[in-house]
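Per-entry structural report
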Amino acid sequence: MIGGDGMTETRPFVPWDLMRDFMIAVFEKEGVPHEDAEVCTEVLLESDRRGIESHGCNRFKSIYLDRIDAGILNPVTQFEVVRETPTTAVVDGHNGMGMVVGKKAMQMAIDKAKTYGMGMVAVRNSTHYGIAGYYATMAAQNNMIGMTGTNARPSIAPTFGVENMLGTNPLTIGLPTDEEFPFVLDCATSISQRGKIEYYARNGEPTPAGMVIGRDGQPMTESQEILKALNEKRAALTPLGGIGEELGGYKGYGYATVVEILSAALQAGSYMKMLSGFDSEGNKIPYPLGHFFIAIDTEAFMGADVFKKTAGDILRELRASQKAPGHNRIYTAGEKEYDVWRFRADKGVPVGESVQKELTGLRDRFGLSRFVFPFEHQGAAQ
């Protein structure tokens with residue numbers, strides 16, 4: 001199937017409403033309260049809307065449901081404000097659903113910024129909160145600059161090292177513009193992140209050389225082996241810039257460290273090896289992640305309209321600049337995701353065979369027979 005923007009998709013689609021209702025129902029079966037299940041589903045499906053499939057329904061079971069089943073993720077989220085000033089707050093998520101914690105924390109920062117111009121909330125003892133861009137977009141939709149970051153289980157090796165020490169630690173920024181979509185820069189401080197390698201493994205694809213380094217200092221490319229080696233601490237992701245200093249690997253390493261500190265030091269939270277997910281005897285334990293959320297009201301400066309037009313002008317000039325041979329389009333951050341959303345808006349979520357099996361397996365496990373997926377009819381018709 002080819003969209004108007006040239007996108008090709010051969011996987012079957014599941015309508016958005018059907019996927020949304022199904023995921024909410026499954027979350028509820030796992031003990032997540034209905035309102036929280038709606039938030040978790042909203043954040044996950046926003047990943048698929050933007051084409052960020054490493055954080056969408058691909059991870060519905062493996063990251064969230066399996067961790068609830070393992071007892072290391074609390075389905076009922078306790079959002080505790082442990083310290084607060086007019087412009088700041090520290091929140092403890094008590095190992096609840098990270099998407100619920102994240103949305104509430106960013107809303108706190110936005111509310112503070114509406115009154116005081118700026119707001120920041122630091123979070124400890126949270127869990128995987130989905131795509132960071134969701135929260136930065138929340139601020140941008142309120143005419144604010146939004147920033148967020150999170151630490152994660154150790155995956156990145158420092159420059160000149162081979163041991164996984166830092167998380168993939170996204171440093172994410174959302175900016176309002178006068179265009180149909182905001183500028184949202186949402187990317188890990190590693191070249192790639194574990195979810196992308198899981199995606200390669202699901203599809204039987206190799207991981208591009210340079211994304212992962214082995215204990216021998218050499219690149220690794222076999223995706224299934226990489227996942228196993230990461231779990232066994234025999235491999236590490238490389239920071240933005242790659243191995244060594246020649247292509248600026250120290251820059252990605254530095255930014256990852258900034259996010260690690262801001263996700264732990266402000267809130268007296270956990271960091272690096274404390275986020276491994278295992279105790280000293282090898283038993284699974286929660287990943288007590290830290291996040292931070294910043295909202296800055298553009299109206300407090302020269303006004304939101306001035307900011308948005310200037311930002312839009314900058315982005316339009318960038319896209320209008322001279323193209324490299326063989327390329328007819330320059331993108332700005334958030335534009336590709338907007339294109340994907342327009343392409344998928346009336347189609348739904350594309351799902352590969354492995355996700356199809358997970359969906360039908362969850363349906364059968366929880367007795368949700370009222371849900372019938374389009375790919376089942378397609379399979380029967382073939």
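Residues numbered from 1 in each chain as written. Predicted model: local features only at pLDDT ≥ 70, side-chain atom pairs only at ≥ 80, totals over all residues. Heavy atoms only, no water.

**Concerning the overall build of the chain**
Helix and strand counts for the chain come out as 12 helices and 11 strands. Here the C-alpha atoms of the chain give a radius of gyration of 21 Å, agreeing with the 21 Å that 2.2 N^0.38 yields for 382 residues. Reported as C-alpha extents along the three principal axes, the dimensions of the chain are approximately 60 × 55 × 45 Å. When each of the 382 residues of the chain is scored for burial, the buried share is 53%. Contacts in the chain between residues at least 24 apart in sequence constitute 68% of all its contacts with a sequence separation of at least 6. Summed over all atoms, the accessible surface of the chain reaches about 17,400 Å², with 53% contributed by carbon and sulfur. Both charge centroids of the chain, one from 39 positive and one from 48 negative side chains, sit 1 Å from each other. (Helix = DSSP H or I, 4+ residues; strand = E, 2+ residues; numbered from the N terminus. Rg over C-alpha atoms; globule rule 2.2 N^0.38 Å. Buried < 20%, exposed > 50% of the residue type's maximum accessible area, 1.4 Å probe, protein only. Contact = heavy atoms within 4.5 Å. Areas by Shrake-Rupley, 256 points an atom, 1.4 Å probe, with all protein chains shown as cover. Lys, Arg positive; Asp, Glu negative; His and termini not counted. Charge placed at Lys NZ, Arg CZ, Asp CG, Glu CD.)

**Considering the environment of Gly-71**
Along the chain, Gly-71 turns up in the loop between helix H3 (60-69) and strand E2 (80-84). Taking the relative accessible area as the measure of exposure, Gly-71 reaches 56% and is therefore exposed. Taking the C-alpha atoms as reference points, Gly-71 and Gly-133, 62 residues apart in sequence, are found 28 Å from one another.

**Concerning the packing of helix H2 (residues 34-49) against helix H4 (residues 98-116)**
It is the contact of H2 with H4, at a shortest axis distance of 8 Å, that shows an interaxial angle of 90°. One way to sum up the angle between H2 and H4 is to call them roughly perpendicular. On H4, the residues that touch Asp-36, Val-39, Cys-40, Glu-42, Val-43 and Leu-44 of H2 are Met-99, Val-100 and Lys-103. Partitioned by chemical class, the residues of the contact of H2 with H4 number six nonpolar, no polar and three charged. (Axes fitted to C-alpha atoms, helices over the stretch in contact; angles between N-to-C directions. Parallel < 35°, antiparallel > 145°, perpendicular 65-115°, else oblique. Nonpolar A, V, L, I, M, F, W, Y, C, P; charged D, E, K, R; others polar.)

**Focus on the side chain of Ser-54**
Along the polypeptide, Ser-54 turns up in the loop between H2 and H3. On the basis of relative accessible area, Ser-54 is assigned to the buried category, the value being 9%. In terms of polar contacts, Ser-54 uses its side chain to reach the side chain of Gln-193, at 3.4 Å. Dropping the residues within four chain positions of it, Ser-54 is found in contact with Arg-59, Gln-193, Gly-195 and Lys-196. (Polar contact = N/O pair within 3.5 Å; in protein donor to acceptor, adjacent residues only side chain to side chain.)

**Notes on the packing of aromatic side chains**
Here the distance between the centres and the angle between the planes together describe a pair of aromatic rings. Summed over the entire model, instances satisfying the criterion amount to 10 aromatic pairs. With centroids separated by 5.7 Å and ring planes inclined at 65°, the aromatic side chains of Trp-16 and Trp-341 adopt a geometry described as edge-to-face. In this pair, Trp-16 sits in helix H1 (residues 16-29) while Trp-341 sits in helix H10 (residues 335-344), placing the two residues 325 residues apart along the sequence. Classification of Trp-16 by relative accessible area gives buried; the value is 9%. Note on Trp-341: relative accessible area 31%, which makes it partly exposed. Between the aromatic rings of Tyr-129 and Tyr-135, the centroid separation amounts to 4.7 Å while the plane-to-plane angle is 25°, which identifies the pairing as stacked. Three or more aromatic residues joined by ring pairs make a cluster, and in this case those are Phe-22, Phe-371, Phe-373 and Phe-375. Over the face of the ring belonging to Trp-16 we find Arg-49, whose NZ or CZ atom lies 4.9 Å from the ring centre. In this arrangement the basic side chain of Lys-336 is found over the ring face of Tyr-331, its NZ or CZ atom lying 4.8 Å from the centre. (Phe/Tyr/Trp six-rings, centres within 6.5 Å; stacked < 30°, edge-to-face > 60°. Lys NZ or Arg CZ within 6 Å of the ring centre and 35° of its normal.)

**Comments concerning the confidence of the model for the chain**
Of all residues in the chain, 97% have pLDDT values of 70 or greater, and the mean over the chain is 94. Overall, residues 1-6 carries pLDDT values under 50, and its contacts beyond four positions in sequence, including any with other chains, amount to 12 contacts. (pLDDT = per-residue confidence, 0-100.)

**Re the nonpolar core**
Phe-27 and Met-97 are the most contacted members of the largest nonpolar core, which totals 58 residues. Residue contacts for Phe-27: discarding those within four places in its chain leaves Val-32, Ala-37, Cys-40, Thr-41, Leu-44, Phe-60, Tyr-64, Leu-65, Met-97 and Met-99. Membership of the second largest hydrophobic core comes to 15 residues, among which are Tyr-200, Ala-229, Leu-230 and Ala-256. (Core = buried A, V, L, I, M, F, W, Y, C linked by side-chain atoms within 4.5 Å.)

**Regarding unusual backbone geometry**
Even without a glycine there, the phi angle at His-94 is positive, about 50°. Within the secondary structure, His-94 is located in the loop between strand E3 (88-92) and H4. A relative accessible area of 28% places His-94 in the partly exposed class. We note that Ala-268 has phi near 55°; this positive angle belongs to a residue other than glycine. Within the secondary structure layout, Ala-268 lies in the loop between helix H8 (249-262) and strand E10 (289-297). Of the residues examined, Ala-268 reaches a relative accessible area of 63% and is grouped as exposed.

**What to know about the environment of Val-372**
Inspection of the secondary structure assignment puts Val-372 in the loop between helix H11 (353-366) and helix H12 (374-381). Owing to a relative accessible area of 42%, Val-372 belongs among the partly exposed residues under this scheme. Sequence spacing of Val-372 and Phe-22 is 350 residues, and the spatial spacing of their C-alpha atoms is 9.7 Å.

**Description of the sheet that holds strand E4 (residues 118-126)**
Spatial strand order, E2-E3-E4-E10-E5-E6-E7: seven strands in an open sheet with mixed pairing. The sheet is open, and its two borders are formed by E2 and strand E7 (183-185), each paired with just one other strand. In this sheet, adjacent strand axes meet at a mean angle of 15° when their direction is disregarded. Packing of helix H5 (residues 133-140) onto the sheet brings it into contact with strand E5 (144-150), strand E6 (171-175), E7 and E10, and relative to E5 it is tilted by some 165°. (Pairing = 2+ DSSP bridges.)

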